[in-house]
Amino acid sequence: AVQAEEKRRLREELDLMYSEFSEFDKFVAQRVSPRLSDTTSDIVAEMTDGKYDRVVFNEDYGIEVYDQSGDRFALETFSGGERDAISLAARLALSRLIGSQASNPPSFVVLDEVFGSLDAERRERVLTLLGQHSHEFFRQMFIISHIDDVQQSPVFDTVWQVVQREDGTS
């Protein structure tokens, strides 16, 4: 009976914690989602040359994209490259939002292999966007990529190349 009572008490505590965290999650979503949507919308509009101009995050942070005529598209309906570009826009927007709220905002961002699924035209558009706005977002941007046109992009001030030696070291 003592063990059963202890288990009941623990279950009640867990239920209360779950309820409180759920309420906190709703609170954060209501406060953050509109700003995150606005910033992501701006980035997506630039990435798509205005074809898609509005992004909305639902209560579960799922992404819905709207075109100029107001038609809604779930993220899953896009091709892999388009999905990755929209997701990159959301990550940049979130980083920008967090950085704007921090007393000591991050001064750099690392993007690791984010261009692999993008076609050449989309890569160029995203790189241009990053080059034009990089100092608005971060003082430094580190981009890791095996793609030649990314490595040779004029948006970079400095390019470091890591090469594998014959002995397998870099």
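As shown above, the structure is provided for reference.
Residues numbered from 1 in each chain as written. Predicted model: local features only at pLDDT ≥ 70, side-chain atom pairs only at ≥ 80, totals over all residues. Heavy atoms only, no water.

K.L.:
Just to check I follow, could you spell out the packing of helix α1 (residues 2-47) against helix α2 (residues 80-101) for this structure?
P.N.:
Angle between the axes and distance between the axes are the two parameters that describe a pair of packed helices. One can describe the packing of α1 onto α2 by two numbers: an axis separation of 8 Å at closest approach and a directional angle of 130 degrees. Between α1 and α2, the angle is such that the two are oblique. Regarding α1 and α2, the two cross each other, and that crossing is right-handed. Judged by residue contacts, V32, R35, L36, T39, T40, I43, V44 and M47 of α1 engage A85, I86, L88, A89, A90, L92, A93, L94, R96, L97, S100 and Q101 from α2. Taken together, the residues that form the contact of α1 with α2 break down as 14 nonpolar, four polar and two charged. (Axes fitted to C-alpha atoms, helices over the stretch in contact; angles between N-to-C directions. Helix = DSSP H or I, 4+ residues; strand = E, 2+ residues; numbered from the N terminus. Parallel < 35°, antiparallel > 145°, perpendicular 65-115°, else oblique. Left-handed = near helix turned anticlockwise from the far one by under 90°. Contact = heavy atoms within 4.5 Å. Nonpolar A, V, L, I, M, F, W, Y, C, P; charged D, E, K, R; others polar.)

K.L.:
Where do I start with the packing of aromatic side chains in this structure?
P.N.:
Aromatic ring pairs are described here by two measures, namely the spacing of the ring centres and the angle between the planes. For the structure shown, the criterion picks out five aromatic pairs. Geometrically, the ring pair formed by F108 and F142 is edge-to-face, given 5.8 Å between the ring centres and 85 degrees between the ring planes. Residue F108 is located in strand β4 (residues 108-112), and its partner F142 is located in strand β5 (residues 140-144); the two are separated by 34 residues in the primary sequence. Residue F142 is classed as partly exposed on the basis of its relative accessible area of 31%. When the centroid spacing of 6.4 Å and the interplanar angle of 45 degrees are considered together, the rings of F142 and W160 count as tilted. Taken together, the residues span a long stretch of sequence, with F142 in strand β5 and W160 in the segment after α4 (148-151) at a distance of 18 residues. Residue classification places W160 among the exposed positions, given a relative accessible area of 71%. Taken together, the ring pairs connect Y52, F73 and F78 into an aromatic cluster. A cation over an aromatic ring shows up here: R54 above the ring of Y66, its NZ or CZ 3.8 Å from the ring centre. (Phe/Tyr/Trp six-rings, centres within 6.5 Å; stacked < 30°, edge-to-face > 60°. Buried < 20%, exposed > 50% of the residue type's maximum accessible area, 1.4 Å probe, protein only. Lys NZ or Arg CZ within 6 Å of the ring centre and 35° of its normal.)

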